[in-house]
Amino acid sequence: MYNIKYDLYDDIIKLIISGKSLDEIVNILSFDIGFIKNTIRRLKSNIINESKEELFFIVPQINKLFNSDISYFIDYKLLKLINNTDEYIMEVLKLNSKAYLVALKSLYFSVYIYGSDDERNYLAIIKDKINKLKYIDDSSREVKNLIVNHDKCIVLSNDILHTLDSEFGNLYNFNKRKFIVISDTHFGSLFENIGYLDSVYEYASKNNIDCIIHTGDLIEGSYSNYSRCKSEYKNYMAQVEHVLNDYCYDKKINNYILLGNHDLYSFIDHGVDISELLCNRCDFIVLGYKEAYLSLFDDYITLKHDVSKIKNSPKNHSTMLNFSGHSHQYRCTYDRNNIYVKVPTLSDVYNNRTYVINKGFIVVDMDEDNIYIDYIDTFGKSLKLERRLK
């Protein structure tokens, strides 16, 4: 893992301000270009996440340095609610405290840089809310009848154990009766198909669904040394930026994203946890790696994705609804108390003689007594199942 010193950040800041190109920065500092790119992106993330307003002006310069067209917009829905209590705002916007804090930091940056004089009058209020929320841990709330594992992820990389800052097995507020579940989009790979994701968003919009759950392998990562990647995405940061720029966006839809084994490769090979980078999207609620839980009124949803490189296994909890990514197949079983669903891939990963691939997405719709699970394949064909909850 890289050990980045803050004096290197200072040198990079001076070079960016002086108008140096990326190649010039690499030559002056005499570091590998991959290391410099990674360092500059961490610098950018730190500036926004730590609300360093004195350095905000550098962020657009960094985007220009990478020819990136990542745009930051003012979340006016959040801004209009900013004078209310945090509890009220989180309830209205259906955000947990972690996602709310990320949204506040993004709002602070965008208003500071792009806001009008009237909008900047709210900066003090936003900053105060950020400071109060910094040490709130959403997972510390009491949870009925569910013990979750808050251990750090221990990752095996080149036969050496490393500790990943992200935790697994955490519980997040949810409480949705209708939502979509997708998995294994493999952004950046030869098999990605953004058209499938467009169809999911189109379905969500037509059916008033405001939540999509992703059960892992958002990106292709460095699996097989990027051999399965398109030429322009043969590094993990290009794939992350591809997601930030090209993953569908609808201000009414939030994405709850569990990360899988392919997403972890950036940490295994480069020491970078992409969950921090993905939080630059205000509609992304990143749930960590391998396993997470969502509260569902008086019950819970379990989300899983196999990650063999994480050595310490989370405790397995059998909950009313259980969704698993990784297999690229669709299966739905029911044991009178619990429903287990393998989530199909939303990509064009190919079949082989011994392995059948199912492509599509899952729609879940519940009322007081029943749960309806609809598997919709990429051709639009539907396979509906109904189970009584009581």
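Cut-offs used in this document
- Residues numbered from 1 in each chain as written.
- Predicted model: local features only at pLDDT ≥ 70, side-chain atom pairs only at ≥ 80, totals over all residues.
- Heavy atoms only, no water.
- Helix = DSSP H or I, 4+ residues; strand = E, 2+ residues; numbered from the N terminus.
- Contact = heavy atoms within 4.5 Å.
- Axes fitted to C-alpha atoms, helices over the stretch in contact; angles between N-to-C directions.
- Parallel < 35°, antiparallel > 145°, perpendicular 65-115°, else oblique.
- Left-handed = near helix turned anticlockwise from the far one by under 90°.
- Nonpolar A, V, L, I, M, F, W, Y, C, P; charged D, E, K, R; others polar.
- Buried < 20%, exposed > 50% of the residue type's maximum accessible area, 1.4 Å probe, protein only.
- Arc of directions from axis to C-beta.
- Core = buried A, V, L, I, M, F, W, Y, C linked by side-chain atoms within 4.5 Å.
- Phe/Tyr/Trp six-rings, centres within 6.5 Å; stacked < 30°, edge-to-face > 60°.
- Pairing = 2+ DSSP bridges.
- Right-handed = clockwise from strand over helix to strand, strands pointing away.

Engineer: Would you mind showing me how to read the overall build of the protein here?
Structural biologist: The number of helices and strands found in the protein is 13 helices and 15 strands. Across the protein, every contact between residues at least 6 apart in sequence was considered, and the portion connecting residues at least 24 apart equals 65%.

Engineer: I'm lost on the packing of helix 3 (residues 33-49) against helix 4 (residues 58-65) in this one. Help?
Structural biologist: When two helices pack together, their arrangement is given by the angle between the helix axes and by the axis-to-axis distance. In the contact formed by helix 3 and helix 4, the axes pass within 10 Å of each other and the chain directions differ by 150°. Regarding the angle of helix 3 to helix 4, the classification is roughly antiparallel. By crossing handedness, the relation of helix 3 to helix 4 is classed as left-handed. Note on element contacts: helix 4 touches helix 3 through Val59, Ile62, Asn63 and Leu65, opposite Ile40, Leu43, Lys44, Ile47 and Ile48. Residue composition of the contact of helix 3 with helix 4, grouped by class: seven nonpolar, one polar and one charged.

Engineer: Could you clarify how one ought to interpret helix 4 in this entry?
Structural biologist: Think of an α-helix as 3.6 residues a turn; residues three or four steps apart then line up on the same face. Looking at helix 4, one finds that the buried residues are Ile58, Val59, Ile62, Asn63 and Leu65. Buried residues in helix 4, looked at end-on, bunch into an arc of 155°, giving them a common side. Positive backbone phi, approximately 55°, marks Asn67, located one or two places after helix 4.

Engineer: Hey, could you run me through the nonpolar core in this one?
Structural biologist: It is characteristic of soluble globular proteins that their nonpolar side chains tend to be buried jointly. Core analysis: the biggest nonpolar cluster contains 73 residues, and Phe179, Leu321, Phe323 and Ile362 have the highest contact counts within it. No other element matches helix 7 (residues 97-114), which puts nine residues into this core. In terms of nonpolar packing, the next biggest core, distinct from the first, is built from 47 residues, Val200, Cys229, Cys248 and Cys279 among them.

Engineer: Any chance you could explain the packing of aromatic side chains here in plain terms?
Structural biologist: For any pair of aromatic rings, the description rests on two quantities: the centre-to-centre distance and the angle between the ring planes. The tally for this structure, following the rule as stated, stands at 15 aromatic pairs. Residues Phe109 and Tyr114 carry aromatic rings whose centres are separated by 6.5 Å and whose planes lie at 85° to one another, so their mutual orientation is edge-to-face. The exposure class of Tyr114 is partly exposed, given its relative accessible area of 43%. Seen from their ring centres, Tyr330 and Tyr375 are 4.4 Å apart, and the 20° between their planes marks the pair as stacked. Placement of Tyr330 in the loop between strand 10 (321-324) and strand 11 (331-334) and of Tyr375 in strand 14 (residues 370-377) is noted, with a sequence separation of 45 residues between them.

Engineer: Where do I start with the pairing of strand 1 (residues 152-157) in this structure?
Structural biologist: The side chains of a regular strand alternate between both faces of the sheet. The alternating pattern of strand 1 places Cys153, Val155 and Ser157 on a buried face and Lys152, Ile154 and Leu156 on a face that is not buried. Inspection of the sheet shows strand 1 paired to strand 2 (residues 160-167) by six bridges, in the antiparallel sense. Looking at the pairing, Ser157 lines up with Ile160 of strand 2.

Engineer: Would you mind showing me how to read the pairing of strand 5 (residues 211-214) here?
Structural biologist: Going residue by residue along strand 5, you find Cys211 and Ile213 tucked away on one face and Ile212 and His214 tucked away on the opposite face as well. Of the pairings in the sheet, the one linking strand 4 (residues 178-182) to strand 5 comprises three bridges and is parallel in character. Bridge assignment links Val181 to a residue of strand 5, and that residue is Ile213. In the classification by handedness, the crossover that spans strand 4, the intervening helix 10 (residues 194-206) and the parallel strand 5 is right-handed. Taken together, the four bridges between strand 5 and strand 6 (residues 254-259) define a ladder with parallel strand orientation. Its bridge partner lying in strand 6, Ile213 is registered against Tyr256. Remark: the strand 5/helix 11 (residues 236-246)/strand 6 crossover connection has right-handed handedness.

Engineer: I'm lost on the side chain of Glu220 in this one. Help?
Structural biologist: For Glu220, the position within the fold is in the loop between strand 5 and helix 11. Exposure remark for Glu220: the relative accessible area of 0% places this residue in the buried category. The contacts of Glu220, once residues within four sequence positions are left out, are His186, Phe187, Gly188, Ser189, Arg228, Cys229, Gln239 and His262.

Engineer: I tried to follow helix 9 (residues 123-133) on my own but got confused; where do I start?
Structural biologist: Residues of helix 9 that are buried: Leu123, Ile126, Lys129, Ile130 and Leu133. Looking straight down helix 9, one finds its buried side chains confined to an arc of 130°; they lie on one side. Those residues of helix 9 that are exposed and angled more than 90 degrees off the buried face are Ala124 and Lys132. Turning to helix 9, the residues buried within the fold contact helix 5 (76-80), helix 6 (86-93), helix 7 and helix 8 (117-120).

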